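# A look at the structure
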Amino acid sequence: MLKGKLVTLRAIEREDSKALHALEKNVELVIFGDGTWSPTPLASFEKRFEKYLERDEKNQFIIEVDGVVIGSLGLHHSDRVAQCSEFGIGIYHPDYVGKGYGSDAIQVMLRWAFRIQNYRRIWLTTGGNNARAIAAYEKCGFVHEGRLREHVFENGRFVDLVQMGMLRSEWEANQKG
């Protein structure tokens, strides 16, 4: 387990599938975070989860606060040669949105990614209309790297896709300051 000031990050366990599936019922939060939503039966969700368990590289975490599962985060599309990976986070428990839990979880994950996993660069994309997420990423030290105009169809309209990234050297400099 990895601990932050507010959150605990831990491995995703089989019994977490029901809690994660329940969080995805918060449609507005899911659409705002992922851009899309469709109903997923628990059986399909669990089948996808079983495939995850079979993978060798485990780089997904449950975000937990005082024993309550509030979301998940992890690395995707990892490139070990280039030492970079895409990052994603979803906090879909409405009682925990906008209160600093996401920023804390991101900081804990970055420490793990840079210090333990030896990544050189972590990057992400988010909808250009997701001001709360962009502010959280900037607070954590991510910098804007690019924008794809009207790239994502989200909630009935096309929005820009913003790419942000962080180098280990930038993260280290932020830790000293």
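Scope of this entry: the structure provided in the associated data block. (Residues numbered from 1 in each chain as written. Predicted model: local features only at pLDDT ≥ 70, side-chain atom pairs only at ≥ 80, totals over all residues. Heavy atoms only, no water.)

### A look at the pattern of salt bridges
Worth spelling out the cut-off: For this analysis, a salt bridge means a side-chain nitrogen from Lys or Arg found within 4 Å of a carboxyl oxygen belonging to Asp or Glu. Numbering of helices and strands starts at the N terminus; helices are DSSP runs of H or I of at least 4 residues and strands are runs of E of at least 2. A 1.4 Å probe rolled over the protein chains alone gives each residue an accessible area, and that area as a share of the maximum for its type sets the label: buried under 20%, exposed over 50%, partly exposed in between.
This structure, assessed with the given rule, holds six salt bridges. Put simply, Arg10 and Glu64 hold a salt bridge, and the shortest N to O gap is 2.9 Å. Linking Arg10 in strand S2 (residues 8–11) with Glu64 in strand S3 (residues 60–65), this pair joins segments that are 54 residues apart in sequence. Taken as a pair, Arg10 and Glu64 share a single burial class, namely buried. Note that Arg121 and Glu145 form a salt bridge whose closest N and O atoms lie 2.4 Å from each other. With Arg121 in strand S6 (residues 121–127) and Glu145 in strand S7 (residues 143–154), this pair connects stretches of sequence that are 24 residues apart. By sharing partners, the salt bridges in this structure join Arg10, Asp16 and Glu64 into a single network.

### Looking at the layout of surface pockets
Quick reminder of the rule: Every definition here rests on a 1 Å grid over the protein atoms only: cavities are sets of points where a 1.4 Å probe fits but cannot get out, pockets are open sets enclosed by protein on both sides within 12 Å along at least five of seven lines, and lining residues have some atom within 4 Å of a point. Grid points are joined across faces, edges and corners, and a volume is the space filled by probe spheres set on the points. The classification used treats Ala, Val, Leu, Ile, Met, Phe, Trp, Tyr, Cys and Pro as nonpolar, Asp, Glu, Lys and Arg as charged, and all other residues, Gly among them, as polar.
In this structure, the second largest pocket occupies an estimated 220 Å³ of space. Lining the second largest pocket are Gly4, Lys5, Gly100, Ser103, Asp104, Gln107, Val108, Arg111, Lys139, Cys140, Trp171 and Gln175. If you list the elements that add at least two residues to the lining of the second largest pocket, you get helix H4 (101–116) and helix H6 (168–176). Here the lining of the second largest pocket gets five residues from one element, more than from any other, and that element is H4. In the lining of the second largest pocket, the residues fall into three nonpolar, five polar and four charged.

### Some thoughts on the environment of Ala43
By secondary structure assignment, the location of Ala43 is in helix H3 (residues 42–54). Its relative accessible area of 56% is what places Ala43 among the exposed residues. C-alpha separation for the pair Ala43 and Lys18, spaced 25 residues apart in sequence, amounts to 9.9 Å.

### Some words on the pairing of strand S5 (residues 84–91)
Quick note on the threshold: Paired strands are those between which DSSP finds at least two bridges. The path from the first strand over the helix to the second decides the hand: if it runs clockwise while the strands point away from the viewer, the crossover is right-handed.
Judged by how many residues are buried, S5 sits mostly within the fold: seven of eight residues are covered. With seven bridges connecting them, strand S4 (residues 68–79) and S5 associate as antiparallel partners. Within S5, the residue paired with His76 across the bridge is Glu86. Remark: four residues form the turn of the hairpin made by S4 and S5, two consecutive strands paired antiparallel; Gln83 in that turn has positive phi of roughly 60 degrees. The sheet contact formed by S5 and S6 spans three bridges and is parallel. Its bridge partner being in S6, Cys84 is matched across the sheet by Arg121. Regarding the hand of the β-α-β motif, the stretch spanning S5, H4 and S6 is right-handed.

### Re the nonpolar core
Under the convention used in this document: Among buried residues, the Ala, Val, Leu, Ile, Met, Phe, Trp, Tyr and Cys ones that are joined through side-chain atoms within 4.5 Å form a nonpolar core. Residues are treated as being in contact if the distance between any of their heavy atoms lies within 4.5 Å.
Membership of the largest hydrophobic core comes to 32 residues, with the highest contact counts inside it found for Leu9, Phe87, Met109, Leu110, Ile122 and Phe142. Within the residue set of this core, elements represented by two or more residues are S3, S4, S5, H4, S6, helix H5 (131–139) and strand S8 (157–167). For this core, the element with the most residues is H4, which contributes nine residues. With near-sequence residues (within four places) excluded, Leu9 lies in contact with Met1, Leu2, Phe61, Ile62, Ile63, Leu73, Ala105, Val108 and Met109.

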